[in-house]
Amino acid sequence: MHGSVGTEPIVLFGNEEQKRRWLPDLATGKKLAAFALTEPEAGSDAAHLKTVATRRNGGYVLNGTKIFITNAGEAQLYVVMATTRPGAGAEGISTFLVAGDSPGLKVGPRFKKMGLNGSAIAEVHLEDCAVGETDRLGDEGQGFRIAMRALDSGRIGISAQAIGLAQGALDDAIAYARERKQFGRPIAELQTIQNKIADMTVKVRAARWMTWKAAALCDAGQPFTKDASMAKLFATDAAMDITLDALQVFGGYGYLEDYPMARRVRDAKACQIYEGTNQVQRVVIARELVRA
Ligand SMILES: Cc1cc2nc3c(=O)[nH]c(=O)nc-3n(C[C@H](O)[C@H](O)[C@H](O)COP(=O)(O)OP(=O)(O)OC[C@H]3O[C@@H](n4cnc5c(N)ncnc54)[C@H](O)[C@@H]3O)c2cc1C
(Lines give C-alpha, C1' and ligand atoms only; values in the text may rest on other atoms or scores of the structure.)
Protein backbone atom coordinates (compact mmCIF):
# COMPACT_ATOMS: atom_id res chain seq x y z
CA MET A 1 0.00 0.00 0.00
CA HIS A 2 2.79 2.39 0.95
CA GLY A 3 5.08 1.72 -2.00
CA SER A 4 2.43 1.32 -4.67
CA VAL A 5 -0.88 3.17 -4.32
CA GLY A 6 0.41 5.44 -1.53
CA THR A 7 3.56 6.66 -3.27
CA GLU A 8 3.28 5.94 -7.00
CA PRO A 9 0.58 8.59 -7.69
CA ILE A 10 3.14 11.26 -6.70
CA VAL A 11 5.82 9.69 -8.91
CA LEU A 12 3.44 9.63 -11.88
CA PHE A 13 1.31 12.74 -11.40
CA GLY A 14 3.13 15.00 -8.90
CA ASN A 15 4.72 18.32 -9.81
CA GLU A 16 8.36 18.98 -8.92
CA GLU A 17 7.49 20.65 -5.61
CA GLN A 18 5.24 17.77 -4.52
CA LYS A 19 7.90 15.23 -5.49
CA ARG A 20 10.60 17.11 -3.54
CA ARG A 21 8.35 17.49 -0.50
CA TRP A 22 7.22 13.85 -0.22
CA LEU A 23 9.23 11.34 -2.23
CA PRO A 24 12.63 11.29 -0.43
CA ASP A 25 11.07 10.47 2.96
CA LEU A 26 8.56 8.03 1.43
CA ALA A 27 11.32 6.26 -0.49
CA THR A 28 13.57 5.89 2.55
CA GLY A 29 10.70 4.82 4.80
CA LYS A 30 10.96 7.84 7.09
CA LYS A 31 7.34 8.50 6.18
CA LEU A 32 4.52 6.08 5.52
CA ALA A 33 1.71 6.65 3.00
CA ALA A 34 -1.94 5.59 2.90
CA PHE A 35 -4.41 5.52 0.00
CA ALA A 36 -7.91 6.69 0.90
CA LEU A 37 -10.50 5.86 -1.75
CA THR A 38 -13.09 3.50 -0.20
CA GLU A 39 -16.08 4.93 1.70
CA PRO A 40 -18.89 3.28 3.66
CA GLU A 41 -21.28 3.70 0.70
CA ALA A 42 -18.73 3.60 -2.12
CA GLY A 43 -16.65 0.42 -2.29
CA SER A 44 -16.57 -1.25 -5.70
CA ASP A 45 -18.52 1.75 -7.03
CA ALA A 46 -15.77 4.19 -6.08
CA ALA A 47 -16.83 6.75 -8.68
CA HIS A 48 -19.80 7.59 -6.47
CA LEU A 49 -17.78 8.56 -3.41
CA LYS A 50 -19.24 11.30 -1.22
CA THR A 51 -16.20 12.97 0.37
CA VAL A 52 -16.34 16.53 -0.87
CA ALA A 53 -13.58 19.09 -1.44
CA THR A 54 -14.93 22.65 -1.36
CA ARG A 55 -12.85 25.63 -2.44
CA ARG A 56 -12.11 28.00 0.45
CA ASN A 57 -9.46 30.68 1.14
CA GLY A 58 -7.42 29.84 -1.94
CA GLY A 59 -7.36 26.12 -1.06
CA TYR A 60 -9.93 23.43 -0.22
CA VAL A 61 -11.66 21.98 2.82
CA LEU A 62 -12.37 18.24 2.81
CA ASN A 63 -15.37 16.64 4.49
CA GLY A 64 -16.27 12.96 4.48
CA THR A 65 -15.44 9.50 5.83
CA LYS A 66 -13.10 6.89 4.39
CA ILE A 67 -13.18 3.28 5.55
CA PHE A 68 -10.80 0.26 5.49
CA ILE A 69 -7.78 2.54 5.12
CA THR A 70 -4.54 0.57 5.45
CA ASN A 71 -1.87 2.38 7.53
CA ALA A 72 -4.53 4.70 9.02
CA GLY A 73 -3.11 6.19 12.20
CA GLU A 74 0.43 5.19 11.17
CA ALA A 75 0.76 7.21 7.96
CA GLN A 76 2.22 10.69 7.61
CA LEU A 77 0.59 11.09 4.17
CA TYR A 78 -2.93 10.26 2.99
CA VAL A 79 -3.64 10.25 -0.75
CA VAL A 80 -7.32 11.20 -0.60
CA MET A 81 -9.88 11.03 -3.39
CA ALA A 82 -12.72 13.58 -3.03
CA THR A 83 -15.22 15.18 -5.34
CA THR A 84 -14.82 18.78 -6.38
CA ARG A 85 -18.09 18.55 -8.39
CA PRO A 86 -20.66 16.66 -6.35
CA GLY A 87 -22.98 14.66 -8.59
CA ALA A 88 -20.50 14.53 -11.47
CA GLY A 89 -19.33 10.97 -10.70
CA ALA A 90 -15.86 9.96 -11.90
CA GLU A 91 -15.38 13.24 -13.80
CA GLY A 92 -15.75 15.26 -10.58
CA ILE A 93 -13.11 13.45 -8.52
CA SER A 94 -9.81 15.08 -7.57
CA THR A 95 -6.86 13.76 -5.56
CA PHE A 96 -5.31 15.52 -2.55
CA LEU A 97 -2.11 14.95 -0.60
CA VAL A 98 -3.15 15.34 3.03
CA ALA A 99 -0.52 15.35 5.80
CA GLY A 100 -1.30 12.94 8.62
CA ASP A 101 -1.08 15.70 11.25
CA SER A 102 -3.54 18.01 9.47
CA PRO A 103 -6.14 19.44 11.85
CA GLY A 104 -9.46 17.93 10.79
CA LEU A 105 -8.02 14.51 9.87
CA LYS A 106 -9.10 12.05 12.54
CA VAL A 107 -8.52 8.31 12.61
CA GLY A 108 -11.04 5.89 14.15
CA PRO A 109 -10.15 2.83 16.22
CA ARG A 110 -8.33 -0.02 14.46
CA PHE A 111 -10.72 -2.59 13.05
CA LYS A 112 -10.30 -6.14 14.31
CA LYS A 113 -9.93 -8.26 11.20
CA MET A 114 -9.66 -11.87 10.15
CA GLY A 115 -5.97 -11.76 9.19
CA LEU A 116 -3.14 -9.50 8.02
CA ASN A 117 -2.47 -8.66 11.62
CA GLY A 118 0.77 -6.86 10.77
CA SER A 119 -1.23 -4.12 9.08
CA ALA A 120 -3.70 -1.63 10.59
CA ILE A 121 -6.96 -0.57 8.97
CA ALA A 122 -9.32 2.09 10.30
CA GLU A 123 -11.77 4.79 9.29
CA VAL A 124 -10.43 8.22 8.42
CA HIS A 125 -12.72 11.16 9.16
CA LEU A 126 -12.17 14.43 7.35
CA GLU A 127 -13.88 17.26 9.19
CA ASP A 128 -13.30 20.68 7.63
CA CYS A 129 -9.79 19.46 6.87
CA ALA A 130 -8.02 22.35 5.12
CA VAL A 131 -5.47 21.72 2.35
CA GLY A 132 -3.75 24.14 -0.01
CA GLU A 133 -4.24 24.41 -3.75
CA THR A 134 -0.66 23.07 -4.00
CA ASP A 135 -1.77 19.88 -2.22
CA ARG A 136 -4.00 18.90 -5.14
CA LEU A 137 -2.37 16.14 -7.20
CA GLY A 138 -2.95 16.67 -10.91
CA ASP A 139 -5.88 18.71 -12.21
CA GLU A 140 -9.36 18.99 -10.78
CA GLY A 141 -11.39 16.09 -12.20
CA GLN A 142 -8.30 13.94 -12.85
CA GLY A 143 -8.55 12.11 -9.52
CA PHE A 144 -10.46 9.04 -10.64
CA ARG A 145 -7.95 8.38 -13.42
CA ILE A 146 -5.10 8.82 -10.92
CA ALA A 147 -6.72 6.33 -8.54
CA MET A 148 -7.39 3.76 -11.28
CA ARG A 149 -3.84 4.06 -12.62
CA ALA A 150 -2.45 3.58 -9.10
CA LEU A 151 -4.64 0.51 -8.63
CA ASP A 152 -3.54 -0.98 -11.97
CA SER A 153 0.06 -1.28 -10.81
CA GLY A 154 -0.99 -1.89 -7.20
CA ARG A 155 -2.72 -5.05 -8.42
CA ILE A 156 0.62 -6.39 -9.66
CA GLY A 157 1.88 -5.96 -6.08
CA ILE A 158 -1.15 -7.81 -4.68
CA SER A 159 -0.47 -10.64 -7.14
CA ALA A 160 3.11 -10.83 -5.87
CA GLN A 161 1.86 -10.82 -2.27
CA ALA A 162 -0.45 -13.74 -3.09
CA ILE A 163 2.36 -15.66 -4.79
CA GLY A 164 4.56 -15.26 -1.71
CA LEU A 165 1.79 -16.60 0.51
CA ALA A 166 1.17 -19.52 -1.86
CA GLN A 167 4.86 -20.39 -2.31
CA GLY A 168 5.41 -20.41 1.46
CA ALA A 169 2.41 -22.70 1.96
CA LEU A 170 3.57 -25.02 -0.83
CA ASP A 171 7.16 -25.22 0.47
CA ASP A 172 5.91 -26.07 3.96
CA ALA A 173 3.44 -28.66 2.61
CA ILE A 174 6.19 -30.48 0.67
CA ALA A 175 8.55 -30.49 3.67
CA TYR A 176 5.79 -31.73 5.97
CA ALA A 177 4.64 -34.45 3.55
CA ARG A 178 8.18 -35.81 3.37
CA GLU A 179 8.48 -35.99 7.17
CA ARG A 180 5.01 -37.09 8.24
CA LYS A 181 4.62 -40.86 8.27
CA GLN A 182 1.29 -42.70 8.23
CA PHE A 183 0.68 -46.34 7.35
CA GLY A 184 4.43 -46.87 7.70
CA ARG A 185 5.58 -44.44 5.02
CA PRO A 186 5.81 -40.69 4.37
CA ILE A 187 2.49 -39.23 3.23
CA ALA A 188 4.48 -37.69 0.32
CA GLU A 189 4.36 -41.16 -1.24
CA LEU A 190 0.55 -41.12 -1.36
CA GLN A 191 -0.79 -40.20 -4.76
CA THR A 192 -3.51 -37.99 -3.32
CA ILE A 193 -0.85 -35.83 -1.61
CA GLN A 194 1.32 -35.84 -4.74
CA ASN A 195 -1.66 -34.64 -6.80
CA LYS A 196 -2.15 -31.72 -4.44
CA ILE A 197 1.55 -30.82 -4.58
CA ALA A 198 1.56 -30.99 -8.39
CA ASP A 199 -1.58 -28.85 -8.73
CA MET A 200 -0.30 -26.28 -6.24
CA THR A 201 3.04 -26.06 -8.09
CA VAL A 202 1.36 -25.51 -11.47
CA LYS A 203 -0.84 -22.74 -10.04
CA VAL A 204 2.09 -20.94 -8.42
CA ARG A 205 4.08 -21.10 -11.65
CA ALA A 206 1.18 -19.81 -13.76
CA ALA A 207 0.45 -17.02 -11.25
CA ARG A 208 4.11 -15.98 -11.23
CA TRP A 209 4.36 -15.82 -15.01
CA MET A 210 1.12 -13.86 -15.35
CA THR A 211 2.42 -11.41 -12.75
CA TRP A 212 5.79 -11.04 -14.48
CA LYS A 213 3.99 -10.47 -17.79
CA ALA A 214 1.87 -7.66 -16.32
CA ALA A 215 4.94 -6.15 -14.63
CA ALA A 216 6.97 -6.31 -17.86
CA LEU A 217 4.21 -4.51 -19.80
CA CYS A 218 4.00 -1.87 -17.05
CA ASP A 219 7.78 -1.35 -17.06
CA ALA A 220 7.78 -1.08 -20.86
CA GLY A 221 5.13 1.66 -20.77
CA GLN A 222 2.63 -0.56 -22.62
CA PRO A 223 -1.08 -0.83 -21.70
CA PHE A 224 -1.30 -3.31 -18.83
CA THR A 225 -4.70 -2.81 -17.16
CA LYS A 226 -6.11 -6.14 -18.39
CA ASP A 227 -2.94 -8.08 -17.62
CA ALA A 228 -2.72 -6.65 -14.10
CA SER A 229 -6.35 -7.61 -13.43
CA MET A 230 -5.81 -11.09 -14.90
CA ALA A 231 -2.74 -11.62 -12.72
CA LYS A 232 -4.53 -10.32 -9.60
CA LEU A 233 -7.58 -12.50 -10.22
CA PHE A 234 -5.59 -15.66 -10.95
CA ALA A 235 -2.84 -15.25 -8.35
CA THR A 236 -5.16 -14.40 -5.47
CA ASP A 237 -7.64 -17.19 -6.28
CA ALA A 238 -4.65 -19.54 -6.58
CA ALA A 239 -3.34 -18.38 -3.18
CA MET A 240 -6.73 -19.08 -1.60
CA ASP A 241 -6.86 -22.61 -3.10
CA ILE A 242 -3.20 -23.35 -2.34
CA THR A 243 -3.24 -22.19 1.27
CA LEU A 244 -6.34 -24.32 1.90
CA ASP A 245 -4.83 -27.36 0.17
CA ALA A 246 -1.52 -26.94 1.99
CA LEU A 247 -3.40 -26.75 5.30
CA GLN A 248 -5.12 -30.02 4.35
CA VAL A 249 -1.73 -31.70 3.82
CA PHE A 250 -0.97 -30.86 7.47
CA GLY A 251 -4.17 -32.62 8.60
CA GLY A 252 -5.22 -31.63 12.14
CA TYR A 253 -1.91 -29.85 12.72
CA GLY A 254 -2.79 -27.40 9.97
CA TYR A 255 -5.76 -26.28 12.02
CA LEU A 256 -3.58 -25.33 15.00
CA GLU A 257 -2.23 -21.82 15.43
CA ASP A 258 1.15 -23.39 16.30
CA TYR A 259 1.66 -23.78 12.55
CA PRO A 260 1.49 -20.91 10.01
CA MET A 261 -1.13 -22.57 7.77
CA ALA A 262 -4.31 -21.05 9.25
CA ARG A 263 -2.74 -17.59 9.22
CA ARG A 264 -1.91 -17.95 5.52
CA VAL A 265 -5.52 -18.89 4.72
CA ARG A 266 -6.76 -15.78 6.54
CA ASP A 267 -4.20 -13.55 4.83
CA ALA A 268 -4.95 -14.96 1.35
CA LYS A 269 -8.64 -14.11 1.73
CA ALA A 270 -7.92 -10.37 1.92
CA CYS A 271 -6.07 -10.53 -1.40
CA GLN A 272 -9.30 -11.58 -3.14
CA ILE A 273 -11.05 -8.50 -1.74
CA TYR A 274 -8.85 -5.42 -1.75
CA GLU A 275 -7.63 -3.26 -4.63
CA GLY A 276 -10.84 -4.32 -6.39
CA THR A 277 -12.62 -7.57 -5.54
CA ASN A 278 -12.06 -10.50 -7.87
CA GLN A 279 -15.58 -10.02 -9.22
CA VAL A 280 -14.58 -6.48 -10.17
CA GLN A 281 -11.39 -7.79 -11.82
CA ARG A 282 -13.61 -9.86 -14.14
CA VAL A 283 -15.57 -6.70 -15.01
CA VAL A 284 -12.29 -4.90 -15.83
CA ILE A 285 -10.93 -7.78 -17.95
CA ALA A 286 -14.14 -8.19 -19.94
CA ARG A 287 -14.52 -4.42 -20.43
CA GLU A 288 -11.02 -4.19 -21.89
CA LEU A 289 -11.87 -7.01 -24.32
CA VAL A 290 -15.30 -5.97 -25.53
CA ARG A 291 -14.86 -2.24 -25.86
CA ALA A 292 -14.61 -1.04 -29.46
C1 LIG B 1 -7.73 -5.62 4.64
C2 LIG B 1 -8.28 -4.55 3.76
C3 LIG B 1 -7.50 -3.44 3.46
C4 LIG B 1 -8.02 -2.42 2.65
N5 LIG B 1 -7.24 -1.30 2.42
C6 LIG B 1 -7.78 -0.25 1.71
C7 LIG B 1 -7.03 0.98 1.54
O8 LIG B 1 -5.89 1.12 1.99
N9 LIG B 1 -7.62 2.01 0.87
C10 LIG B 1 -8.87 1.91 0.35
O11 LIG B 1 -9.34 2.89 -0.26
N12 LIG B 1 -9.61 0.76 0.49
C13 LIG B 1 -9.09 -0.31 1.16
N14 LIG B 1 -9.82 -1.48 1.33
C15 LIG B 1 -11.20 -1.53 0.81
C16 LIG B 1 -11.38 -2.49 -0.36
O17 LIG B 1 -10.74 -2.01 -1.50
C18 LIG B 1 -12.91 -2.68 -0.52
O19 LIG B 1 -13.35 -3.45 0.60
C20 LIG B 1 -13.26 -3.36 -1.83
O21 LIG B 1 -12.98 -2.53 -2.93
C22 LIG B 1 -14.74 -3.78 -1.89
O23 LIG B 1 -15.59 -2.75 -1.49
P24 LIG B 1 -16.73 -3.07 -0.40
O25 LIG B 1 -16.06 -3.72 0.77
O26 LIG B 1 -17.50 -1.83 -0.15
O27 LIG B 1 -17.66 -4.17 -1.07
P28 LIG B 1 -18.87 -3.92 -2.10
O29 LIG B 1 -18.44 -3.05 -3.21
O30 LIG B 1 -20.09 -3.54 -1.33
O31 LIG B 1 -19.08 -5.41 -2.68
C32 LIG B 1 -19.84 -6.41 -2.02
C33 LIG B 1 -19.89 -7.65 -2.93
O34 LIG B 1 -20.52 -7.30 -4.18
C35 LIG B 1 -19.66 -7.60 -5.27
N36 LIG B 1 -19.80 -6.57 -6.32
C37 LIG B 1 -19.88 -5.24 -6.16
N38 LIG B 1 -19.98 -4.62 -7.35
C39 LIG B 1 -19.92 -5.60 -8.29
C40 LIG B 1 -19.97 -5.60 -9.73
N41 LIG B 1 -20.08 -4.47 -10.46
N42 LIG B 1 -19.91 -6.80 -10.37
C43 LIG B 1 -19.80 -7.96 -9.67
N44 LIG B 1 -19.76 -8.03 -8.31
C45 LIG B 1 -19.81 -6.85 -7.64
C46 LIG B 1 -18.25 -7.59 -4.68
O47 LIG B 1 -17.35 -8.37 -5.45
C48 LIG B 1 -18.50 -8.17 -3.29
O49 LIG B 1 -18.51 -9.57 -3.38
C50 LIG B 1 -9.33 -2.53 2.11
C51 LIG B 1 -10.10 -3.67 2.41
C52 LIG B 1 -9.60 -4.66 3.22
C53 LIG B 1 -10.46 -5.86 3.53
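Residues numbered from 1 in each chain as written. Predicted model: local features only at pLDDT ≥ 70, side-chain atom pairs only at ≥ 80, totals over all residues.

Moving on: the overall build of the protein chain. Scanning the protein chain from terminus to terminus reveals eight helices and ten strands. Taken over the C-alpha atoms alone, the protein chain extends approximately 80 × 45 × 35 Å along its principal axes. The proportion of buried residues among the 292 residues of the protein chain is 40%. Contacts spanning at least 24 positions in sequence make up 73% of the contacts within the protein chain whose residues lie at least 6 apart. (Helix = DSSP H or I, 4+ residues; strand = E, 2+ residues; numbered from the N terminus. Buried ≥ 20, exposed ≤ 12 C-beta atoms within 10 Å, placed from the backbone. Contact = placed C-beta atoms within 7 Å.)

Near the ligand you find 22 residues, and of these Gly43, Ser44, Thr70, Thr277 and Gln279 are the closest. For the shell around the ligand, the secondary structure elements donating two or more residues are β1 (33-36), β3 (59-70) and α8 (278-290). Considered class by class, the residues forming the shell around the ligand number 13 nonpolar, seven polar and two charged. Split by domain, the shell around the ligand shows at least three residues from each of two domains, domain 1 (2-139) and domain 2 (146-290). (Near = placed C-beta within 6 Å. Nonpolar A, V, L, I, M, F, W, Y, C, P; charged D, E, K, R; others polar. Domains from an automatic or database assignment.)

Attention shifts here to helix α3 (residues 16-28). A rise of 1.5 Å per residue sets the reference length of α3, with its 13 residues, at 18 Å; its end C-alpha atoms lie 18 Å apart and thus fit the reference within 8%. The sharpest bend along α3 reaches about 35° and sits at tryptophan 22, with the proline proline 24 one to four residues further on. Looking one or two residues beyond α3, the residue adopting positive phi is glycine 29, at roughly 85°. (Expected span 1.5 Å × (residues − 1). Bend = angle between axes of the 7 residues up to and from the residue.)

Moving on, we come to the domain arrangement of the protein chain. For interface size, the figure often reported is the accessible area lost on association. Taken as a whole, the protein chain is organised into domain 1 (2-139) and domain 2 (146-290). One C-alpha centre belongs to domain 1, the other to domain 2; they are set 29 Å apart. Between domain 1 and domain 2, the residue contacts involve 17 residues of the former and 15 residues of the latter. Among the elements of the structure, α1 (2-6) and α2 (8-13) are those that each provide at least two residues to the side of domain 1 that touches domain 2. The dominant element in the side of domain 1 that touches domain 2, judged by the number of residues it contributes, is α2, at four residues. When grouped by side-chain class, the residues that make up the side of domain 1 that touches domain 2 number eleven nonpolar, five polar and one charged.

Right, let's talk about the environment of leucine 289 for a bit. For leucine 289, the position within the fold is in helix α8. Its 8 C-beta neighbours within 10 Å are what place leucine 289 among the exposed residues. Placed 63 residues apart in sequence, leucine 289 and lysine 226 show a C-alpha to C-alpha distance of 8.3 Å.

This part is about the packing of helix α6 (residues 225-249) against α8. Helix-helix packing is characterised by the crossing angle of the two axes and by the distance between the axes. For the pair α6 and α8, interaxial distance at closest approach is 9 Å and the crossing angle is 150°. For the pair α6 and α8, the crossing hand works out as left-handed. Contacts from Thr225, Lys226, Ser229, Met230, Lys232, Leu233, Thr236 and Asp237 in α6 reach Asn278, Gln281, Arg282, Val284, Ile285 and Glu288 in α8. Looking at the contact of α6 with α8, its residues break down into four nonpolar, five polar and five charged. (Axes fitted to C-alpha atoms, helices over the stretch in contact; angles between N-to-C directions. Left-handed = near helix turned anticlockwise from the far one by under 90°.)

The next point concerns the nonpolar core. One finds Ala36, Leu62, Tyr78 and Phe96 to be the most contacted residues of the largest nonpolar core, which totals 42 residues. For this core, the two domains that each supply at least three residues are domain 1 (2-139) and domain 2 (146-290). In contact with phenylalanine 96, not counting residues within four places along its chain, are Ala53, Tyr60, Leu62, Val80, Ala82, Val131, Asp135, Arg136 and Leu137. Judged by nonpolar contacts, the second largest core, of 37 residues, contains Ile156, Leu165, Leu233 and Ala235. (Core = buried A, V, L, I, M, F, W, Y, C linked by C-beta atoms within 7 Å.)

Attention now goes to the pairing of strand β2 (residues 52-56). With five bridges joining them, β2 and β3 adopt antiparallel strand pairing. Counted as the bridge partner of arginine 55 is tyrosine 60 from β3. (Pairing = 2+ DSSP bridges.)

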